[in-house]
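Topology and contacts: notes
Listed below, chain by chain, are the residues.
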Amino acid sequence: MMTEAIVSQPLEFRFTWDRGEVVRAVRAVRANVSGRPWWLVFAYPVLLIMIVAVASTLWDGTLSRGALVQAIGPWILFLVAWATLMAWIGPWLTARAQSRENGPGQHTLIGTLSGDGYGTDNGRTQNSIHWNGVLRAVETPEFFLFYYNRNCAFYLPHRAIAPEQLPEVRRVIVSQLGDRAALRHT
């Protein structure tokens, strides 16, 4: 168990966001995902398609390299194209959905870092996560990312933090998460 960080009062950060920042945050979250690589998700459908194609060519009695390529080639190309499209457009779709729900620039987002955890409040909704629920924290050149599962994280942009507060933010994170904190300047 980590020691309680001595925080005299919660650190508060105010900022407004735009779609571009959300896109960059989603890409940062994806780039720092731990565990299974993203492309492995597509290995299972490719393997399934290959098994079905081989089985169907065996059933027809026409197992040849050309028949196999004809059977599975278009499907593999489709999956590669789909994966590429989703990797490129997925963050934009996330930003668009968040924009529709909350409206960029309409509400100031208030991020709060305390001995209890990290929370956000946009005037309409509040989210928070206790330090026990943070799987890990990662610092990128633009964000602090607080992962609450392997693929999803809250983000706190560096631009919202005064330069003199950065060491205190890092100290609180490290004191609460220990080796689960991958910060750039610790």
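These remarks concern the structure in this document.

Of regular secondary structure, the protein chain possesses 4 helices and 8 strands. Within the protein chain, the fraction of its 186 residues that count as buried is 36%. Partitioning the contacts of the protein chain with sequence separation of at least 6, the portion at a separation of at least 24 is 62%. Of the roughly 11,300 Å² of accessible surface on the protein chain, 61% is carried by carbon and sulfur atoms.

Taking 1.5 Å of rise per residue, the 13 residues of helix α1 (residues 19-31) would be expected to cover 18 Å, and the 18 Å separating its terminal C-alpha atoms lies within 8% of that figure. Listing the buried residues of α1 in full gives Glu21, Val22, Val23, Ala25, Val26, Ala28 and Val29.

Another aspect to go through is the environment of proline 10. Counting through the fold element by element, proline 10 comes out in the segment before β1 (11-15). With residues near it in sequence (within four places) discarded, proline 10 still touches Thr112, Leu113 and Ser114.

It is worth spelling out the sheet that holds strand β7 (residues 153-157) at this point. Across the sheet, 4 strands lie side by side as β7-β6-β5-β8; this open sheet has mixed pairing. A strand with exactly one partner marks an edge of an open sheet, and here the two such strands are β7 and β8 (181-182). Sheet topology note: the strand β6 (residues 143-147)/β7 ladder contains 5 bridges and is antiparallel. Counterpart to tyrosine 147 in the pairing with β7 is alanine 153. Set on the sheet, helix α4 (residues 166-177) makes contact with β5 (136-139), β6 and β8; between it and β6 the angle comes to about 20 degrees.

Our next topic: the sheet that holds strand β4 (residues 126-130). Ordered by their spatial adjacency, 4 strands build an open sheet running β1-β2-β3-β4, and the pairing between neighbours is antiparallel. The sheet is open, and its two borders are formed by β1 and β4, each paired with just one other strand. Averaged over neighbouring strand pairs, the angle between their axes works out to 15 degrees when direction is ignored. Sheet strands in contact with α4 are β1 and β2 (109-113), and its direction is about 120 degrees off that of β1.

Turning to the pattern of salt bridges, a few remarks are in order. A pair can form between side chains of opposite charge whenever their charged atoms are brought close. Under the counting rule described, the total for this entry stands at 5 salt bridges. In this structure, the salt-bridge partner of arginine 159 is glutamate 21, at a minimum N-O distance of 2.7 Å. Here glutamate 21 lies in helix α1 and arginine 159 lies in the loop between β7 and α4, a separation of 138 residues in the sequence. The exposure class of arginine 159 is exposed, given its relative accessible area of 51%. Residue glutamate 21 is classed as buried on the basis of its relative accessible area of 2%. We note a salt bridge from arginine 171 to glutamate 168, for which the minimum N-O separation is 2.9 Å. Placement of both arginine 171 and glutamate 168 in helix α4 is noted, with a separation of 3 residues, approximately one turn of the helix. With relative accessibility at 35%, the residue arginine 171 sits in the partly exposed group.

Here is what the cut-offs are and how they apply
- Residues numbered from 1 in each chain as written.
- Predicted model: local features only at pLDDT ≥ 70, side-chain atom pairs only at ≥ 80, totals over all residues.
- Heavy atoms only, no water.
- Helix = DSSP H or I, 4+ residues; strand = E, 2+ residues; numbered from the N terminus.
- Buried < 20%, exposed > 50% of the residue type's maximum accessible area, 1.4 Å probe, protein only.
- Contact = heavy atoms within 4.5 Å.
- Areas by Shrake-Rupley, 256 points an atom, 1.4 Å probe, with all protein chains shown as cover.
- Expected span 1.5 Å × (residues − 1).
- Pairing = 2+ DSSP bridges.
- Axes fitted to C-alpha atoms, helices over the stretch in contact; angles between N-to-C directions.
- Salt bridge = Lys/Arg side-chain N within 4 Å of Asp/Glu carboxyl O.

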